[in-house]
Amino acid sequence: QSVELVHNGIDIDSFDAQKPEVRSTSGLNENDRFVIGTIGSLTKRKGHRLLLESFERVRITMPNVDLVIVGEGPERESLESFAAERGVADHVRFLGFRSDIHSILAGFDLYVHTAEQESFGIVILEAMAAERAVVARSIGGIPDIVVNGETGFLTDGNSKRIAETICG
């Protein structure tokens, strides 16, 4: 008899990998665009500034790309200003708090997680359940979830390397 420890679990049957109506109901209505998304509270430790810096670099290689940031928090106004300063505001959508995360994930082509600290990252599991490719920083418990090159891609906290990983 064997026992397997599951640290955190999710109901994978509740995720839909299809994206048709999701893009129109979430502001992701341009189906010809490649959509990078992230979900998390808009706090410094979630690394959204790093993601915006990386996204600026990604746009050089992939001009047909948008970034969707889902979540609320004290950094929202600052992040919106930062996106404008970096010249990417027209390609970044801040959706605020959403309760339809399953649907939102289905609208992403790629999930990127650039948190500075993360003990586990359940949203990464949710992105995987929605059959979305994942790029994440190799911190905390994330390497327990993401096997580099197999279940996603791990990178460090350098915006250039994150962008290179996204662009593949």
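See the structure shown above.
This section reports on the structure supplied with the text. (Residues numbered from 1 in each chain as written. Predicted model: local features only at pLDDT ≥ 70, side-chain atom pairs only at ≥ 80, totals over all residues. Heavy atoms only, no water.)

1. Quick word on the side chain of Arg132
Next up, step 1: Relative to the helices and strands, Arg132 is located in the loop between helix H5 (122–129) and strand E5 (133–137).
Next up, step 2: Look at Arg132: it is buried, it has no salt bridge, and the nearest opposite charge is Glu131 at 5.8 Å.
Next up, step 3: Here the side chain of Arg132 touches Leu105 through a polar contact of 3.2 Å, landing on its backbone oxygen. (Helix = DSSP H or I, 4+ residues; strand = E, 2+ residues; numbered from the N terminus. Buried < 20%, exposed > 50% of the residue type's maximum accessible area, 1.4 Å probe, protein only. Lys, Arg positive; Asp, Glu negative; His and termini not counted. Salt bridge = Lys/Arg side-chain N within 4 Å of Asp/Glu carboxyl O. Polar contact = N/O pair within 3.5 Å; in protein donor to acceptor, adjacent residues only side chain to side chain.)

2. Considering the side chain of Asp109
Next up, step 1: In this structure, Asp109 sits in the loop between helix H4 (101–107) and strand E4 (110–113).
Next up, step 2: Polar side-chain contacts of Asp109 include one of 2.7 Å to the backbone nitrogen of Val35.

3. Here we look at the pairing of E5
Next up, step 1: Extensive coverage of E5 is indicated by the burial of four of its five residues.
Next up, step 2: Taken together, the four bridges between E4 and E5 define a ladder with parallel strand orientation. From the neighbouring strand, Tyr111 faces E5, where its bridge partner is Val134.
Next up, step 3: With three bridges joining them, E5 and strand E6 (residues 153–155) adopt parallel strand pairing. Counted as the bridge partner of Arg137 is Thr155 from E6. (Pairing = 2+ DSSP bridges.)

4. Overview of the pattern of salt bridges
Next up, step 1: One pass over the full model with this rule turns up nine salt bridges.
Next up, step 2: Of the charged contacts in the structure, one is a salt bridge between Arg86 and Glu56, with a shortest N-O distance of 2.6 Å. A residue pair is termed long-range when its members are at least 10 positions apart, and Arg86 in the loop between helix H3 (76–85) and strand E3 (92–96) and Glu56 in helix H2 (residues 48–61) qualify at 30 residues.
Next up, step 3: Using a relative accessible area of 31% as the deciding quantity, one classes Arg86 as partly exposed.
Next up, step 4: Classification of Glu56 by relative accessible area gives partly exposed; the value is 27%.
Next up, step 5: Across the pair Glu80 and Arg76 runs a salt bridge, and its minimum N-O distance is 3.0 Å. Pair noted here: Glu80 and Arg76 are both in helix H3, with a separation of four residues, about one helical turn.
Next up, step 6: Here the salt bridges do not stand alone but share partners, grouping Arg33, Asp66 and Arg93 into one network.

Geometric values such as these leave the question of function open.
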